[in-house]
Amino acid sequence: MNSGKALRTVQYALAYLGALISLYPIFLMLVSSLKTNIQILKNPVALPTKLSFAAYEKLWKQIPFGSYLTNSILVSVLAVLLILLLGVFASYYIARYQFRWNGALYFFFLLGMMIPIKLGIVPLFMLMKNLGLLNNMGSLLSIYTAIGLPISILILTGFFRTLPRELEEAARIDGCADFGVIRHVLVPLMRPALGTVMIINFITVWNDFFFPLIFIQDDAKKTIPVGMMSLFGQYSADWSMLFAGLTLASLPMLILFILASRQFMDGMTAGAVK
Amino acid sequence: MKKSTGAIGWRKGAVHLFPLPALVVYVLFVVYPIAAAFGYSLFDWKGLVRGNFIGLGNFVSLFTREPFNHLFWNAFGHNLYYFAIEMVVQNGLAFLFAWLVYTKLKGSGFLKVAYFIPRLLSVIIVGFLWKLILNPNNGVLNVLLKKVGLASWAKPWLGDTHTALTSITLVNSWYGVGFTMLIFLAGLQAISGEVLEAAKIDGVRGFRLIRTMVLPMMIQSVIIVTVFTFIHAFEAFELIFAMEGSQGEPYNSTDTLAIFFYRIAFGGSSGGDSVAIGLGSALAVILFLIIASVSALFLYLTRNREVQH
Amino acid sequence: MKKWFSGIAATVLLTSGLLAGCSGKTDDKAGQGAGNAGTSAPAASKEAPKAEKVKLTIGSWRTEDVDAYAKIIQEFNKTNPNIEVEFKPTKNTEYNTQLNVALQSGSGPDIIHLRPYAAGAQLADAGYLEPLDSIKGLSSFPKETLLAATGSNGKVYGVPTVFSATEIFYNKKIFQKYNLQEPKTWDELMQICETLKKNKVTPFAFGSKEGWILSLTQGALGPAFYGGTDFMNKVVSGQTNFKSPEFISSIKMMKDLTPYFPDNFVGIGMDDMRNLFVTEQAAMMVMGDWEIAVMRKANPDLQMDVFPVPPKTAGGKATVTTWVDGSFAVNAKSPHKAEAMKFMDFLTTKEAGTVIVNNLLKPSTIAGIQAQDPLVAKISKYADTQSTPYMMVVYFAGGNPTTKGTLENTMQGMYQNMLTPEQVADKVQQSADTWFKPKK
């Protein structure tokens, strides 16, 4: 039994060392943002003796963080809703009907996961321009919805397939039409899968910087990651500002996660793998 | 049309509207742009102006002209390396962490959260953050190494051709380990406890238990993770871009196919470089073919598994 | 049951309506041409009844210069009150992508800050720029200066505004402390390095992590070894090439400086170089004038000065390396070309030149403009009297990858001990052979 105890100790050591390595850089980022530039350069490891909020004050004056935040929230929430709406209908169709083309349709959607969409950025830009979506949240919503669909359809279709068909049949007999079946019977059962789709896409959309960089020109319409990026050209010598910028850009997501970490963690997996 | 439970005529037709919005959005914003980019690859481009149709000319130059041929294989090798490191380090650790959480260590709820937190940051933020940490003079890593008496270990991590790509893949593992851990954990939790108990009673323990019982039962998760990792490794761009720019510096040691594409299609980051849209698009086509064929193969394997169940 | 069907219809409509709604709103913008005009278009049309204000946007990579351009635009508005100009820079590393993508799809800013030489000419050759034949002020510019914005058809497409000049910056306090003088020959410079090194001061703030620093430094120090403008003219006319001993010696010199570089210099980029210099850990830095403002901001107490690169032999001429940093061009698709041309006219005037020099702190392309800042004035004087062109930027920024890029890349390999100076020179010549035709 002694060896069992030793094994357990090793397991604990590994597990908590892993957690330390995961958290330390983020901790470092938070702490460094509260030090002055000189303190960081002199001793990057030390904790601040006195908290300095100077970097945040300067940041606040320099950048319209409020509007970045609003834009990020709007884009992420709307994109996720669109993905859910379109994804549920498409997946239900693929999983529940057996038309000849369903297999092909499913595969066609899945192909999207393998398309490195950035390679098509030039035609995409022209398309957005022709649709009049440039410098407009519409461009972001449409591209995020489109790239979010494949994985969402994968997850949702997998989930629909695991649900017993009898449930729907019973509902149908009770007089629900297809749409009614989806709403009254399936959606409540699907919460975990919907949660997964929601969270995966929310994180992706929230953190993307490439598309806003190309599609959005007005500072007032930028989202957080791309808005904060300009700081790095301007304050490359001021590490205190850099850490503060990184912290500010990450904080909304971190706070949201800490408030709802259980939902996040459950959501992340509940629907992903049956 | 084999099965449509008692639907009346108009409803049968209406059902086809279900996938339509998704299909329209997907075709318009994903399929069309990439197909158009494929078209570009068949033309000669003079800078930004489209010239004559040259068939596969761009593909031929990509594989025969110096330095493109050399750079292509160099970048391809780095993508493979990226994949290998992620499979071993990121996914290996992810499985270890998933197993540790699964065995219900004290504080496993906290551990799960801790492993996952890096995944919440934007990749571009992760890149900048680690660039500061890995800074050769003022970065925390080298300062810490010096403090604990390992000064000789302190290196210009991102500036040395021997360490640059490895550093980036390890940062990527730091970022991605939590997500993979969750997929593995879900796979583990789907295994019935009774089967494992029975195995334990039979004296199957430790690594043998994992190898002979656990892994085969969660092969689904393993395949999914492998496909994701493969796609991710061959699309590797943002993190490298944030940490090393678009030149694959130092001395092409962090060049990947996507970075190479970006550089030849958009002319690099420092300004002067010229643009080769045709060549860039040809590279895009090849990259797509690599990713699509390999992941399709993996997906095909998954399908087979499902049938076997 | 009908309700559900209309529900689907509503969903589809909602989705398409969302897209249609957005496009409807912006269609008029697209109609006006510049997609980049974005929100500005509706704003402008709103004000239209009052005064016929036109709004121009300038695209640029100089995020650092927002304040300076505000002053320049203010000067412009003194004579053109009805043209509103907005300076909208994008981060240096993203500018090319964003601009190229926008131009390819027929939009982009009205006024384009053009990268100098080959990259700018590429945009002109693609037909994205309006020729500036009508700008009279350009006739007083020397031909070499206009070369920075000349298309392959010989027409001029941009107004060059400032030069960049590289020289050696040094820390006056450190030099005084060790009793050092501005060197007159290369040997004196090496002695300075030795003295500094003995006293544990890093002689040069330098790093090889970012390739452009390598060609920049070689472009500044190299002329002393390969023989400056004369050698360059011979390369350009095909009388010699990069495999010549002169050029190889300039690469070898770069390698030989290694002992005077900071620890871990292969991992050091521009930000770290600047940090080393402004925190007085390093005594010298080979750098361009554009860093003056940045360094002053980083450490206002820093006492710095510059000297030109000393000649290899006594009696030779010390040099600074210069090139046009960028020029301003008019987007051929701009809906406000006439107004944009007025801005071009303005840029060629002495008034503009004076505001530009004193706010951007860079030598002007317009002759005879005196800078207020003593350091800028000193650099301007060197640039006027003892400059040599930055060969890689002016003549060898072509090819794919560019010859300049090849030099950067292979020198990086040299500092990783993977290539010898001779191999570097070989590869540079190989790259030039793929596209460069000597101009006889």
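What counts as what
Residues numbered from 1 in each chain as written. Chains lettered and ligands numbered in written order. Predicted model: local features only at pLDDT ≥ 70, side-chain atom pairs only at ≥ 80, totals over all residues. Heavy atoms only, no water. Helix = DSSP H or I, 4+ residues; strand = E, 2+ residues; numbered from the N terminus. Contact = heavy atoms within 4.5 Å. Axes fitted to C-alpha atoms, helices over the stretch in contact; angles between N-to-C directions. Parallel < 35°, antiparallel > 145°, perpendicular 65-115°, else oblique. Left-handed = near helix turned anticlockwise from the far one by under 90°. Nonpolar A, V, L, I, M, F, W, Y, C, P; charged D, E, K, R; others polar. Domains from an automatic or database assignment. Buried < 20%, exposed > 50% of the residue type's maximum accessible area, 1.4 Å probe, protein only. Arc of directions from axis to C-beta. Pairing = 2+ DSSP bridges. Right-handed = clockwise from strand over helix to strand, strands pointing away.

S.K.: When you look at the environment of B:Ile291 in this model, what are you seeing that I'm missing?
M.R.: Tracing the backbone through its elements, the reader meets B:Ile291 in helix H14 (residues 277-308). In the structure, B:Ile291 is positioned 56 residues away from B:Glu235 in sequence and 8.5 Å away in space, judged by C-alpha atoms. Once residues within four sequence positions are removed from consideration, B:Ile291 is found in contact with A:Met114, A:Pro116, B:Phe230, B:Ile231, B:Phe234 and B:Glu235.

S.K.: How do you make sense of the packing of helix H6 (residues 121-130) of chain A against helix H4 (residues 92-104) of chain C when you look at a structure like this?
M.R.: Packed helix pairs are specified by the crossing angle of their axes together with the interaxial distance, meaning the distance between the axes. Direction vectors running N to C along H6(A) and H4(C) enclose 55 degrees, while the axes themselves pass 9 Å from each other. One way to sum up the angle between H6(A) and H4(C) is to call them oblique. In the packing of H6(A) onto H4(C), the handedness of the crossing is right-handed. Judged by residue contacts, A:Val122, A:Phe125 and A:Met126 of H6(A) engage C:Val101, C:Ala102 and C:Gln104 from H4(C). Of the residues in the contact of H6(A) with H4(C), the class split is five nonpolar, one polar and no charged.

S.K.: Before we go on, may I ask you to explain the domain arrangement of chain A in this structure?
M.R.: Considered domain by domain, chain A is made up of domain 1 (2-54) and domain 2 (63-234). For domain 1 of chain A versus domain 2 of chain A, the separation of C-alpha centres amounts to 36 Å.

S.K.: I tried to follow helix H3 (residues 57-64) of chain B on my own but got confused; where do I start?
M.R.: An α-helical segment advances 3.6 residues per turn. Residues three or four places apart therefore align on the same side. Buried residues of H3(B): B:Asn58, B:Phe59, B:Ser61 and B:Leu62, and no others. Buried residues in H3(B), looked at end-on, bunch into an arc of 160 degrees, giving them a common side.

S.K.: Teacher, can you tell me more about the pairing of strand S1 (residues 54-60) of chain C here?
M.R.: Along a regular strand, successive side chains alternate from one face of the sheet to the other. All names here are of chain C. Burial analysis of S1 places six of its seven residues in the buried class, the great majority of the element. Alignment of S1 against strand S2 (residues 83-89), held across seven bridges, turns out to be parallel. Note that in S2 the partner of Ile-58 across the bridge is Phe-87. Taken together, S1, helix H3 (residues 66-79) and S2 form a β-α-β motif whose crossover is right-handed. Of the strand pairs in this sheet, S1 and strand S3 (residues 111-114) are connected by two bridges, and their pairing is parallel. Within the sheet, the bridge partner assigned to Gly-59 lies in S3 and is Ile-112.

S.K.: Before we go on, may I ask you to explain the side chain of B:Asn172 in this structure?
M.R.: When you line up the elements, B:Asn172 lands in helix H8 (residues 164-190). B:Asn172 has contacts with B:Tyr82, B:Glu86, B:Gln90, B:His232 and B:Leu239, leaving out every residue within four places of it along the chain.

S.K.: Mind showing me how you'd approach the pairing of strand S5 (residues 158-171) of chain C here?
M.R.: Residue and element names in this part refer to chain C. With respect to burial, S5 is a largely interior element, 14 of its 14 residues being buried. Both S5 and strand S9 (residues 320-331) contribute to a ladder of eight bridges, which runs antiparallel. The partner of Phe-163 across the bridge, within S9, is Val-324. With five bridges connecting them, S5 and strand S7 (residues 282-288) associate as antiparallel partners. Looking across to S7, one finds that Glu-167 is bridged to Met-287.

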